[in-house]
Amino acid sequence: MYYFSPSFEGFGMLVYILFVVGFVLLIKGADILVDGATSIGKKLNVSSLVIGLTIVSFGTSLPELLVNLVSSYNDAPDIGVGNILGSNIANILLILGIAALINPLPITKNTYFIEIPFSLTATLLVGFLANASLFGTKGVDFVISQYDGGILLFFFVLFMGYVYIVSKQRKSEFADSDYKEMSTSKSVLLIVAGMVGLYFGGQWVVDGAVLMATELGMSERFIGLTIIAVGTSLPELVTSAVAAFKNDTDIAVGNVVGSNIFNLLWILGLSSALKPIPYDVISNSDVFMIIASSTALILAVVVGKRPVISRWEGFFFLIAYFWYITFLIQRG
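Throughout this description, residue numbers start from 1 for each chain and increase along the sequence as written. Side-chain atom pairs in this predicted model are given and counted only at pLDDT of 80 or more, local residue features only at pLDDT of at least 70, and totals for whole chains, interfaces and linings cover all residues. Heavy atoms from the whole structure form the basis of all side-chain values; hydrogens and water molecules are not counted.

### A word on helix α9 (residues 220-232)
For clarity, the threshold we go by: Note on conventions: DSSP H or I runs of at least 4 residues are helices, E runs of at least 2 residues are strands, and numbering of each starts at the N terminus. Here the expected length of a helix is defined as 1.5 Å per residue gap, with one fewer gap than residues. Summary of the burial criterion: residues with accessible area below 20% of their type's maximum are buried, those above 50% are exposed, and those between are partly exposed, where the area comes from a 1.4 Å probe applied to protein chains only.
The first and last C-alpha atoms of α9 sit only 16 Å apart over 13 residues, clearly below the 18 Å expected at 1.5 Å per residue. Across the 13 residues of α9, ten count as buried, placing the element largely inside the fold. Taken residue by residue, α9 has Arg221, Phe222, Ile223, Gly224, Leu225, Thr226, Ile228, Ala229, Gly231 and Thr232 as its buried positions.

Take a look at the structure:
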């Protein structure tokens, strides 16, 4: 249920303000929830490796997850689907583009041969499952069903198994991970505050998006693909940009590719497993854009003399992203 009806006069400006505040609550809520949860994990003698693979990884995906769940239950599925597809496009073209301009991004063998192809496969899987009704009875609405959600979650479990194996092989890199340990009361307080921030942040962002789409004559899908997609990708943007600035380029690339896999398999899988998500065939062009972006990422490595995303290629990624936004505006 919306806190404010889009047609309720007098609350328009307030909903816009809460839309912006909602983004802050989403990002900050996820951040402090992760801080509290990691502290509890350290007190329970959970290794930094496990904390990194579970609490931190899932925590950075919470903004997208909350927006998807709220939009689905508020009967605004176009916002949720647009958020996932738009975030993945922004992750590759916008975030990697900016990070590459700051510092050329070398790509490791694992990322190039396994993680990027896995991300591409996840995109193809989502596209296939969403359009599977093409092979069924005529007149059946496109939908990502609960059964499809189960398939996506199964592939997510496979990916987490791969991440765990790779992390065991590179355990020394996690040995010195610095996760803060706080008092139990402070940790619990941060977890509760983070959950409250995520709940209200998700509600306010979706409410604002619906109002914005209604008053400006834009589709909910467009708002999800652009404003909400970039907003919920801010944690990845900051992480990758800072990592590139510090010359920790492996984190910059891995963060983006891993986030794309989480978005498609974990968030979309969980959301559709809880409640079927209607899918508009027009979103196929956005799925194709993710496929094209992932392919461009692979070609960026093949074309060069060494496996790296150069500054020129990063500039090309940014041009491609702004072309895509122009395409969305023309598409309506």
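### Observations regarding the side chain of glutamate 115
For glutamate 115, the position within the fold is in helix α5 (residues 109-130). A relative accessible area of 14% places glutamate 115 in the buried class.

### Description of a nonpolar patch on the surface
So the rule is basically this: Patch definition: residues with relative accessible area over 30% and no salt bridge; like charges joined within 9 Å; nonpolar side chains (Val, Leu, Ile, Met, Phe, Trp, Tyr) joined within 5 Å. For every accessible area listed, the method is Shrake-Rupley and the probe measures 1.4 Å; residues are considered covered only by the protein chains on display. We define a salt bridge as a side-chain nitrogen of Lys or Arg found within 4 Å of a carboxyl oxygen belonging to Asp or Glu.
A cluster of nonpolar residues, Leu101, Trp312, Phe315 and Ile319, forms a patch on the protein surface that exposes about 470 Å² of accessible area. For the nonpolar patch, the leading source of residues is helix α13 (residues 311-331), giving three residues. Mapped onto the secondary structure, tryptophan 312 falls in helix α13.

### Quick look at α5
In plain terms, the rule: Note on bend: the value at a residue is the angle between axes fitted to the seven residues ending there and to the seven starting there.
When the terminal C-alpha atoms of α5 are compared, their 31 Å separation across 22 residues agrees well with the 32 Å that a helix rising 1.5 Å per residue should span. If you look at α5, its biggest bend is around 30 degrees, right at glutamate 115, and the proline proline 117 turns up within four residues after that.

### A short note on the environment of phenylalanine 155
Put simply, the test is: Contacts between residues were defined by any pair of non-hydrogen atoms, one from each residue, lying within 4.5 Å.
Along the polypeptide, phenylalanine 155 turns up in helix α6 (residues 146-169). In the structure, phenylalanine 155 is positioned 106 residues away from isoleucine 261 in sequence and 9.8 Å away in space, judged by C-alpha atoms. Excluding anything up to four places from it in sequence, phenylalanine 155 contacts Phe118, Leu125 and Leu265.

### Brief notes about the side chain of serine 187
The criterion, for reference: Polar contact is the term for a pair of N or O atoms within 3.5 Å; when the atoms are in protein, one must be able to donate a hydrogen and the other to accept it, and sequence-neighboring residues count only if both atoms are side-chain atoms.
If you trace the backbone, serine 187 turns up in helix α8 (residues 184-215). Of note is the side chain of serine 187, whose polar atom sits 2.8 Å from the side chain of serine 39. Non-local contacts of serine 187, meaning those with residues more than four positions away in its chain, are made with Gly36, Ser39, Ile40 and Met182.

### Comments concerning the packing of aromatic side chains
Convention followed: To pair, rings of Phe, Tyr and Trp, with the six-membered ring standing in for Trp, must have centres within 6.5 Å; the planes then decide the type, stacked if under 30 degrees apart, edge-to-face if over 60, and tilted in the middle.
Under the counting rule described, the total for this entry stands at 13 aromatic pairs. Centre to centre, the rings of phenylalanine 19 and phenylalanine 23 are 5.1 Å apart; their planes meet at 75 degrees, and the pair counts as edge-to-face. Taken together, the residues span about one helical turn, with phenylalanine 19 and phenylalanine 23 both in helix α1 (residues 12-43) at a distance of four residues. Both residues of the pair, phenylalanine 19 and phenylalanine 23, belong to the buried class.

### Some remarks on the packing of helix α4 (residues 77-102) against helix α12 (residues 284-303)
In plain terms, the rule: Axes here mean lines fitted to C-alpha atoms, for a helix over just the part in contact, with angles spanning 0 to 180 degrees between N-to-C directions. Orientation labels follow simple angle bins: below 35 degrees gives roughly parallel, above 145 gives roughly antiparallel, 65 to 115 gives roughly perpendicular, and whatever is left gives oblique. Each crossing gets its hand from how the near helix is turned against the far one by less than a right angle, where anticlockwise is left-handed and clockwise is right-handed.
Contact geometry of α4 with α12 gives a least axis separation of 9 Å together with a crossing angle of 30 degrees. Considering the angle they form, α4 stands roughly parallel to α12. α4 and α12 meet at a crossing whose hand is left-handed. Across the interface between the two elements, Leu85, Asn88, Ile89, Ile92, Leu93 and Leu96 of α4 pack against Asp286, Val287, Met289, Ile290, Ser293, Ser294 and Leu297 of α12.

### Notes on the environment of serine 285
Within the secondary structure layout, serine 285 lies in helix α12. Those residues in contact with serine 285 that lie beyond four places of it in its chain are Phe327 and Arg331.

### Some thoughts on the packing of α4 against α9
Between two packed helices, what matters for the description is the angle formed by their axes and the separation of those axes. Put simply, the rule is: Each residue gets one of three labels, nonpolar for Ala, Val, Leu, Ile, Met, Phe, Trp, Tyr, Cys and Pro, charged for Asp, Glu, Lys and Arg, and polar for the others, Gly among them.
Two numbers describe how α4 lies on α9: the axes approach to 7 Å, and their chain directions differ by 50 degrees. By the angle between their directions, the pair α4 and α9 is classed as oblique. Considering only the axes of α4 and α9, their crossing is right-handed. Where α4 abuts α9, its residues Asp78, Ile79, Gly82, Asn83, Leu85, Gly86, Ser87 and Leu94 lie against Glu220, Arg221, Gly224, Leu225, Ile228, Ala229, Val230 and Thr232. Taken together, the residues of the contact of α4 with α9 break down into seven nonpolar, six polar and three charged.

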